[in-house]
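# Tertiary structure, described
Each chain, written out:
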Amino acid sequence: MSAEGGRGAGQVVFRALPQKTFSCLQDRDIADRLLKWSMQGRITAQAFSFDQQFKPYQKDEFLMLQIYLKRVNFKIIRGISFLTSRTSYAEAFFNDQSVNSSLKLLSASGQWTTLGSKVTKIEATVVPCTQISMSFFDRLYSEGIVRETGTIVKCYDDYHDDILISDELRKVLLLEDSDHYDLFTQLDREEFLFCLFKHFCIGGTLCQYEDVVDPYLETTKAFYKDLVSVQKNPETREIHIISTVFRVSAYDANGLCYPSSKSHQQTFAYLIVDPCKRHVNILYHCFGGSLFTN
(Lines give C-alpha, C1' and ligand atoms only; values in the text may rest on other atoms or scores of the structure.)
Protein backbone atom coordinates (compact mmCIF):
# COMPACT_ATOMS: atom_id res chain seq x y z
CA MET A 1 0.00 0.00 0.00
CA SER A 2 1.19 3.53 -0.57
CA ALA A 3 2.65 5.89 1.96
CA GLU A 4 -0.34 8.18 1.56
CA GLY A 5 -3.42 8.38 3.71
CA GLY A 6 -1.88 9.65 6.92
CA ARG A 7 1.54 8.04 6.73
CA GLY A 8 4.30 10.46 7.61
CA ALA A 9 7.92 10.55 6.63
CA GLY A 10 10.04 7.87 8.21
CA GLN A 11 7.22 5.40 8.68
CA VAL A 12 7.84 1.78 7.77
CA VAL A 13 5.29 0.55 5.25
CA PHE A 14 4.61 -3.17 4.85
CA ARG A 15 3.03 -5.04 1.96
CA ALA A 16 1.64 -8.54 2.12
CA LEU A 17 3.20 -10.93 -0.42
CA PRO A 18 0.44 -13.52 -0.94
CA GLN A 19 2.20 -14.85 -4.05
CA LYS A 20 5.19 -15.95 -1.96
CA THR A 21 5.19 -19.73 -1.47
CA PHE A 22 7.25 -21.81 0.92
CA SER A 23 8.42 -25.12 -0.50
CA CYS A 24 8.53 -26.68 2.97
CA LEU A 25 4.75 -26.34 3.13
CA GLN A 26 4.25 -27.58 -0.42
CA ASP A 27 6.20 -30.80 0.07
CA ARG A 28 3.95 -33.89 0.22
CA ASP A 29 6.23 -35.86 2.56
CA ILE A 30 6.43 -32.95 4.99
CA ALA A 31 2.64 -32.50 4.85
CA ASP A 32 2.21 -36.16 5.80
CA ARG A 33 4.62 -35.73 8.71
CA LEU A 34 2.87 -32.61 9.96
CA LEU A 35 -0.42 -34.50 9.88
CA LYS A 36 1.14 -37.34 11.86
CA TRP A 37 2.57 -34.84 14.35
CA SER A 38 -0.83 -33.14 14.79
CA MET A 39 0.43 -29.88 13.26
CA GLN A 40 -1.08 -29.99 9.78
CA GLY A 41 -3.58 -27.20 9.18
CA ARG A 42 -2.36 -25.41 12.30
CA ILE A 43 0.94 -24.18 10.88
CA THR A 44 1.48 -21.59 8.18
CA ALA A 45 4.07 -19.20 6.77
CA GLN A 46 3.56 -15.75 5.27
CA ALA A 47 5.76 -13.06 3.78
CA PHE A 48 5.67 -9.27 3.82
CA SER A 49 7.93 -6.67 2.29
CA PHE A 50 8.92 -3.37 3.87
CA ASP A 51 10.17 -0.13 2.38
CA GLN A 52 13.01 1.02 4.62
CA GLN A 53 16.40 -0.17 5.70
CA PHE A 54 16.22 -2.50 8.69
CA LYS A 55 18.67 -1.60 11.44
CA PRO A 56 19.07 -4.17 14.23
CA TYR A 57 19.26 -1.48 16.91
CA GLN A 58 15.80 -0.28 15.80
CA LYS A 59 14.21 -3.72 16.12
CA ASP A 60 11.80 -2.47 18.78
CA GLU A 61 10.53 0.32 16.56
CA PHE A 62 10.26 -2.05 13.62
CA LEU A 63 7.89 -4.35 15.49
CA MET A 64 5.57 -1.90 17.15
CA LEU A 65 3.40 1.17 16.51
CA GLN A 66 2.43 3.72 19.17
CA ILE A 67 2.32 1.61 22.32
CA TYR A 68 0.25 3.59 24.76
CA LEU A 69 2.23 2.81 27.88
CA LYS A 70 4.33 4.89 30.21
CA ARG A 71 7.89 5.13 28.99
CA VAL A 72 10.03 2.32 30.40
CA ASN A 73 13.75 1.74 30.45
CA PHE A 74 14.86 -1.51 28.86
CA LYS A 75 17.86 -3.38 27.56
CA ILE A 76 17.85 -5.68 24.55
CA ILE A 77 19.71 -8.77 25.72
CA ARG A 78 20.31 -11.84 23.61
CA GLY A 79 17.48 -14.28 24.15
CA ILE A 80 15.65 -12.08 26.69
CA SER A 81 12.15 -10.71 26.19
CA PHE A 82 11.67 -6.96 26.16
CA LEU A 83 8.83 -4.45 26.19
CA THR A 84 9.05 -1.12 24.45
CA SER A 85 7.03 2.08 24.52
CA ARG A 86 9.11 3.97 21.98
CA THR A 87 7.09 5.62 19.21
CA SER A 88 9.84 6.77 16.82
CA TYR A 89 8.04 5.24 13.86
CA ALA A 90 4.42 6.32 13.33
CA GLU A 91 3.62 2.81 12.17
CA ALA A 92 5.33 -0.57 12.34
CA PHE A 93 4.63 -4.19 11.82
CA PHE A 94 1.70 -5.25 13.99
CA ASN A 95 -0.39 -2.14 13.50
CA ASP A 96 0.38 -1.64 9.85
CA GLN A 97 -2.96 -1.86 8.02
CA SER A 98 -1.68 -4.40 5.49
CA VAL A 99 -0.31 -6.64 8.25
CA ASN A 100 -3.30 -6.22 10.54
CA SER A 101 -5.74 -7.24 7.82
CA SER A 102 -3.78 -10.23 6.48
CA LEU A 103 -1.71 -11.72 9.30
CA LYS A 104 -3.17 -15.20 9.84
CA LEU A 105 -4.03 -16.87 13.12
CA LEU A 106 -6.32 -19.66 14.28
CA SER A 107 -9.47 -18.77 16.19
CA ALA A 108 -10.56 -20.67 19.30
CA SER A 109 -12.92 -22.67 17.06
CA GLY A 110 -10.05 -23.74 14.80
CA GLN A 111 -10.89 -21.44 11.89
CA TRP A 112 -8.27 -19.38 10.09
CA THR A 113 -8.83 -15.66 10.54
CA THR A 114 -6.70 -12.49 10.55
CA LEU A 115 -5.39 -10.36 13.41
CA GLY A 116 -7.77 -7.45 12.82
CA SER A 117 -7.37 -5.81 16.22
CA LYS A 118 -5.51 -2.82 17.59
CA VAL A 119 -2.27 -4.04 19.15
CA THR A 120 -1.32 -2.19 22.31
CA LYS A 121 1.70 -4.16 23.53
CA ILE A 122 4.38 -6.42 22.11
CA GLU A 123 6.58 -9.01 23.75
CA ALA A 124 9.51 -9.95 21.56
CA THR A 125 12.41 -12.29 22.13
CA VAL A 126 15.48 -12.02 19.96
CA VAL A 127 16.22 -15.57 18.79
CA PRO A 128 19.87 -16.27 17.93
CA CYS A 129 20.25 -17.58 14.39
CA THR A 130 23.85 -18.49 13.60
CA GLN A 131 23.88 -22.19 12.72
CA ILE A 132 24.57 -23.09 9.09
CA SER A 133 24.87 -26.88 9.32
CA MET A 134 22.74 -29.77 10.53
CA SER A 135 25.92 -31.21 12.08
CA PHE A 136 24.70 -29.17 15.06
CA PHE A 137 22.67 -32.29 15.96
CA ASP A 138 25.45 -34.86 15.48
CA ARG A 139 25.93 -35.00 19.26
CA LEU A 140 22.61 -36.86 19.52
CA TYR A 141 24.33 -39.91 18.01
CA SER A 142 27.25 -39.99 20.42
CA GLU A 143 25.49 -39.81 23.78
CA GLY A 144 22.92 -42.61 23.63
CA ILE A 145 20.01 -40.49 22.44
CA VAL A 146 19.93 -41.79 18.88
CA ARG A 147 21.55 -45.00 17.63
CA GLU A 148 23.84 -45.02 14.57
CA THR A 149 20.91 -46.37 12.54
CA GLY A 150 18.90 -43.25 13.40
CA THR A 151 16.62 -45.11 15.81
CA ILE A 152 15.60 -43.02 18.81
CA VAL A 153 16.33 -44.75 22.13
CA LYS A 154 13.16 -45.43 24.12
CA CYS A 155 12.58 -44.84 27.84
CA TYR A 156 9.82 -45.37 30.40
CA ASP A 157 6.83 -43.11 29.82
CA ASP A 158 6.73 -39.82 31.68
CA TYR A 159 4.90 -36.52 31.28
CA HIS A 160 6.06 -32.92 31.23
CA ASP A 161 3.32 -30.24 31.09
CA ASP A 162 0.94 -32.87 29.65
CA ILE A 163 3.46 -33.78 26.93
CA LEU A 164 4.24 -37.49 26.72
CA ILE A 165 7.92 -38.35 27.03
CA SER A 166 8.59 -41.88 25.83
CA ASP A 167 12.13 -41.64 24.50
CA GLU A 168 15.53 -40.14 25.27
CA LEU A 169 15.15 -37.45 22.59
CA ARG A 170 12.17 -35.82 24.26
CA LYS A 171 13.91 -36.17 27.62
CA VAL A 172 16.93 -34.21 26.43
CA LEU A 173 14.64 -31.59 24.88
CA LEU A 174 12.31 -31.10 27.84
CA LEU A 175 13.66 -32.39 31.15
CA GLU A 176 16.32 -30.33 32.88
CA ASP A 177 17.12 -33.24 35.21
CA SER A 178 17.80 -35.54 32.25
CA ASP A 179 21.23 -37.18 32.33
CA HIS A 180 21.94 -35.68 28.92
CA TYR A 181 20.28 -32.28 29.23
CA ASP A 182 23.66 -30.51 29.17
CA LEU A 183 24.34 -32.04 25.75
CA PHE A 184 23.03 -28.69 24.50
CA THR A 185 24.02 -25.50 26.29
CA GLN A 186 21.52 -22.77 27.06
CA LEU A 187 22.81 -20.77 24.08
CA ASP A 188 22.41 -23.85 21.88
CA ARG A 189 18.80 -24.17 23.01
CA GLU A 190 18.07 -20.55 22.12
CA GLU A 191 19.20 -21.05 18.51
CA PHE A 192 16.40 -20.86 15.92
CA LEU A 193 17.54 -24.17 14.42
CA PHE A 194 17.16 -25.88 17.80
CA CYS A 195 13.77 -24.24 18.40
CA LEU A 196 12.42 -25.56 15.09
CA PHE A 197 13.70 -29.05 15.79
CA LYS A 198 12.16 -29.06 19.25
CA HIS A 199 8.80 -27.83 17.96
CA PHE A 200 8.60 -30.63 15.39
CA CYS A 201 9.70 -33.28 17.89
CA ILE A 202 6.99 -32.26 20.36
CA GLY A 203 4.22 -31.67 17.81
CA GLY A 204 0.56 -31.07 18.60
CA THR A 205 -2.11 -32.50 20.89
CA LEU A 206 -2.37 -35.89 19.17
CA CYS A 207 1.23 -36.19 17.99
CA GLN A 208 2.32 -39.65 16.81
CA TYR A 209 6.03 -39.72 17.55
CA GLU A 210 8.68 -41.02 15.17
CA ASP A 211 10.85 -44.05 15.92
CA VAL A 212 13.76 -42.59 13.95
CA VAL A 213 15.19 -39.08 14.03
CA ASP A 214 15.54 -38.47 10.26
CA PRO A 215 12.00 -37.10 9.65
CA TYR A 216 12.53 -34.48 12.35
CA LEU A 217 15.93 -33.48 10.98
CA GLU A 218 14.75 -33.36 7.36
CA THR A 219 11.70 -31.26 8.22
CA THR A 220 13.75 -28.89 10.37
CA LYS A 221 16.27 -28.42 7.56
CA ALA A 222 13.55 -27.73 4.99
CA PHE A 223 11.86 -25.05 7.10
CA TYR A 224 15.15 -23.46 8.15
CA LYS A 225 16.35 -23.27 4.55
CA ASP A 226 13.07 -21.74 3.42
CA LEU A 227 12.81 -19.12 6.15
CA VAL A 228 16.39 -17.96 6.75
CA SER A 229 18.57 -15.96 4.35
CA VAL A 230 22.32 -16.37 3.95
CA GLN A 231 25.18 -14.60 2.20
CA LYS A 232 28.64 -15.70 1.12
CA ASN A 233 31.60 -13.59 2.13
CA PRO A 234 33.31 -12.71 -1.18
CA GLU A 235 36.75 -12.86 0.40
CA THR A 236 36.56 -15.89 2.69
CA ARG A 237 33.80 -17.67 0.71
CA GLU A 238 32.22 -18.53 4.05
CA ILE A 239 28.44 -18.64 4.42
CA HIS A 240 26.81 -16.59 7.15
CA ILE A 241 23.21 -15.88 8.09
CA ILE A 242 21.89 -12.35 7.57
CA SER A 243 18.38 -12.86 8.96
CA THR A 244 17.26 -11.51 12.32
CA VAL A 245 14.70 -13.67 14.14
CA PHE A 246 12.15 -12.74 16.80
CA ARG A 247 9.64 -14.83 18.70
CA VAL A 248 6.69 -12.51 19.26
CA SER A 249 3.42 -12.16 21.14
CA ALA A 250 0.92 -9.33 20.75
CA TYR A 251 -1.74 -7.92 23.07
CA ASP A 252 -4.86 -5.90 22.42
CA ALA A 253 -7.32 -4.27 24.82
CA ASN A 254 -8.58 -7.71 25.88
CA GLY A 255 -5.16 -9.22 26.56
CA LEU A 256 -3.06 -11.71 24.62
CA CYS A 257 -4.32 -11.91 21.03
CA TYR A 258 -1.44 -13.29 18.93
CA PRO A 259 -0.38 -15.96 18.21
CA SER A 260 -3.34 -17.06 20.34
CA SER A 261 -5.30 -15.92 23.37
CA LYS A 262 -3.89 -18.96 25.21
CA SER A 263 -0.18 -19.32 25.84
CA HIS A 264 1.57 -22.64 25.16
CA GLN A 265 5.19 -23.50 24.37
CA GLN A 266 4.00 -25.06 21.10
CA THR A 267 1.95 -22.01 20.10
CA PHE A 268 4.43 -19.68 18.46
CA ALA A 269 5.04 -16.96 15.93
CA TYR A 270 8.51 -16.22 14.59
CA LEU A 271 9.33 -13.13 12.53
CA ILE A 272 12.38 -13.63 10.33
CA VAL A 273 13.70 -10.39 8.83
CA ASP A 274 15.83 -10.35 5.67
CA PRO A 275 17.47 -6.89 5.65
CA CYS A 276 18.73 -7.21 2.07
CA LYS A 277 15.51 -8.24 0.32
CA ARG A 278 13.53 -6.21 2.88
CA HIS A 279 11.25 -9.14 3.51
CA VAL A 280 9.70 -10.48 6.70
CA ASN A 281 8.80 -14.18 6.86
CA ILE A 282 6.36 -15.27 9.55
CA LEU A 283 6.19 -18.85 10.82
CA TYR A 284 3.06 -19.49 12.86
CA HIS A 285 1.69 -22.51 14.72
CA CYS A 286 -1.15 -22.90 17.19
CA PHE A 287 -1.07 -25.96 19.48
CA GLY A 288 -3.98 -28.38 19.04
CA GLY A 289 -5.15 -31.29 16.92
CA SER A 290 -4.54 -31.54 13.17
CA LEU A 291 -6.84 -29.72 10.75
CA PHE A 292 -7.07 -31.03 7.22
CA THR A 293 -7.06 -27.63 5.54
CA ASN A 294 -4.64 -24.78 5.85
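Here, the structure is the one placed above.
Read on for an overview of the structure.

Here is what the cut-offs are and how they apply
Sequence positions are assigned chain by chain, starting from 1 and proceeding in written order. Given that the model is predicted, a residue must reach a pLDDT of at least 70 before its local features are reported, and side-chain atom pairs must reach 80 or more before they are shown or counted; all residues, however, enter totals for whole chains, interfaces and linings. Note that water and hydrogens are dropped before the side-chain values are worked out from all heavy atoms of the structure. The patch calculation keeps residues exceeding 30% relative accessible area without a salt bridge and links them within 9 Å when they carry like charges or within 5 Å when they are nonpolar (Val, Leu, Ile, Met, Phe, Trp, Tyr). The Shrake-Rupley method, run with a 1.4 Å probe sphere, supplies the accessible areas, and residue values consider only the shown protein chains as cover. Any carboxyl oxygen of Asp or Glu within 4 Å of a side-chain nitrogen of Lys or Arg constitutes a salt bridge here. Counted as positive: Lys and Arg. Counted as negative: Asp and Glu, with His and the chain ends omitted from the count. Just so you know, the charge point we use is NZ for Lys, CZ for Arg, CG for Asp and CD for Glu. Every helix listed is a DSSP run of H or I at least four residues long, and every strand listed is a run of E at least two residues long, numbered separately from the N terminus. Only protein chains enter the accessibility calculation, which uses a 1.4 Å probe. A residue is then buried if its area is under 20% of the maximum for its type, exposed if over 50%, and partly exposed in between. Throughout, nonpolar core names a set of buried Ala, Val, Leu, Ile, Met, Phe, Trp, Tyr and Cys residues whose side chains join them through atoms within 4.5 Å. Should any heavy atoms of two residues lie within 4.5 Å, those residues are counted as being in contact. Fitted lines through C-alpha atoms give the axes, limited to the stretch in contact for helices. The angle between two N-to-C directions lies from 0 to 180 degrees. Here roughly perpendicular refers to angles of 65 to 115 degrees, roughly parallel to angles under 35, roughly antiparallel to angles over 145, and oblique to all remaining angles. In this scheme the crossing of two helices becomes right-handed for a clockwise turn of the near helix relative to the far one and left-handed for an anticlockwise turn of less than a right angle. Pairs of strands are assigned from DSSP output, requiring at least two bridges between the strands.

A cluster of like negative charges, contributed by Asp157, Asp158, Glu176, Asp177 and Asp179, occupies part of the molecular surface. Within the secondary structure layout, Asp158 lies in strand E7 (residues 154–160). For Asp158, a relative accessible area of 39% translates into the label partly exposed.

This part takes up the nonpolar core. Among the nonpolar cores identified, the biggest contains 52 residues, and Leu140, Leu169, Phe192, Phe197 and Phe223 are the most heavily contacted of them. Those elements that provide at least two residues to this core are helix H2 (28–36), strand E2 (43–50), strand E8 (163–167), helix H5 (168–174), helix H7 (192–202), helix H8 (214–227) and strand E13 (268–274). The leading source of residues in this core is H7, at nine residues. Here Phe223 is in contact with Cys24, Leu25, Ile30, Leu34, Ile43, Leu196, Phe200 and Leu283, once residues within four sequence places are set aside. In this structure, Phe14, Phe50, Ala250 and Tyr284 belong to the second largest nonpolar core, which totals 27 residues.

Turning to the packing of H2 against H8, a few remarks are in order. In a pair of packed helices, the angle between the axes and the distance between the axes together describe the arrangement. At a closest axis distance of 11 Å, the pairing of H2 and H8 adopts a crossing angle of 120°. Taken together, the axis directions place H2 and H8 in an arrangement best described as oblique. As H2 packs across H8, the resulting crossing turns out to be left-handed. Contact residues: H2 offers Ile30, Arg33 and Leu34, while H8 offers Pro215, Glu218, Thr219, Ala222 and Phe223.

With six of its seven residues buried, strand E14 (residues 279–285) lies for the most part within the structure. Across seven bridges, the pairing between E13 and E14 is antiparallel. Note that in E14 the partner of Phe268 across the bridge is His285. Linking E13 to E14, which pair antiparallel, is a turn of four residues; within it Arg278 sits at a positive phi near 60°.

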